[in-house]
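Commentary on secondary and tertiary structure
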Amino acid sequence: YNLDFRIILRNYKDIQEVKDSMLNKQLNRRNLTLEQISYYRGLKYNTIIKNQEGLPKTVNVAFNLAQEFKVNEKTIRRDAEFAKGLNKLTPELRQDVLTGKAKVNKSDIVNLAKVNTGETQSLSSADEITKTIKKDKIKSHPIDDNKPLNINALEISIRELAMNKLDKQLCLILLDKINILMNYL
C-alpha cells in the first residue's frame, strides 16, 4: 500500500511512566463508556496513591483528580474502589463489564473490592462475584457464643441464606445456623 505514516519516538525513564502515559491517553478518548471512565480514573488514583507510599501525605490526590476531571472528590474515591474490584476479575470479564456486554451491578464490583479474595483468584462470571460477596458477608458476621443470641438476626440470616442458590459451603453454614436456632428454642 505504501502509505506514509508518522512515528513519534518517546523516551520514558521506567515502565511506570509508560503505564501512566497510556492511562492518560485512554482518559483523553471521547468514546469511553461511563464504566471505562470510572475505571481509568480509579486506576489513576490508585497508581498515584501507590507511588506515594512512604511519603508524607501533603497532597490531597482525590481533590486534585476531582478538579482535573470536574467531578466530586468522593466520585474519585468510589472509582478507585470500582477499579480495585474490576482488577479481581478475569481480563475477559473485566472487558465485558467495561464495554457493557456483561451486566454486573457497579455496587457489586465495589463490594468485591472490599472482599479478600486472595491475590491469585480471578472471578470469571457475575455469579461468582455474587457468591464471593455473599460468602464474605457471612464470614464477616460469625456467631459469637459469648454474646447473647439475637434470634431475630439469626432468623433473618437463615432466610437470606435459604433464598440463594446454595453450594456446599453455604449449606454447611446454613445448617450450623439452623442448629444454633433449634438448640436455643
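Above this note sits the structure.
Below is a summary of the structure that appears in this document. (Residues numbered from 1 in each chain as written. Predicted model: local features only at pLDDT ≥ 70, side-chain atom pairs only at ≥ 80, totals over all residues. Heavy atoms only, no water.)

1. Examining the overall build of the protein chain
Summing up its helical and strand segments, the protein chain has nine helices and zero strands in all. The secondary structure elements of the protein chain, listed N-terminal to C-terminal, are α-α-α-α-α-α-α-α-α. Looking at the protein chain as a whole, 31% of its 185 residues are labelled buried. Residue pairs at least 24 apart in sequence account for 54% of intrachain contacts in the protein chain once pairs closer than 6 positions are excluded. For the protein chain, the exposed surface amounts to about 13700 Å²; the carbon and sulfur share of it is 51%. (Helix = DSSP H or I, 4+ residues; strand = E, 2+ residues; numbered from the N terminus. Buried < 20%, exposed > 50% of the residue type's maximum accessible area, 1.4 Å probe, protein only. Contact = heavy atoms within 4.5 Å. Areas by Shrake-Rupley, 256 points an atom, 1.4 Å probe, with all protein chains shown as cover.)

2. Overview of the pattern of salt bridges
Under the definition given, this model contains five salt bridges. Residues arginine 41 and aspartate 79 are paired through a salt bridge, measuring 2.6 Å at the closest nitrogen-oxygen approach. Note that arginine 41 is positioned in helix H2 (residues 34-51) and aspartate 79 in helix H4 (residues 73-86), a separation of 38 residues in sequence. One exposure class covers both arginine 41 and aspartate 79, and it is buried. Two residues, lysine 106 and aspartate 79, come together in a salt bridge whose shortest N-O distance is 4.0 Å. Placement of lysine 106 in helix H6 (residues 106-113) and of aspartate 79 in helix H4 is noted, with a sequence separation of 27 residues between them. Linked by salt bridges that have partners in common, Arg41, Asp79 and Lys106 make up one network. (Salt bridge = Lys/Arg side-chain N within 4 Å of Asp/Glu carboxyl O.)

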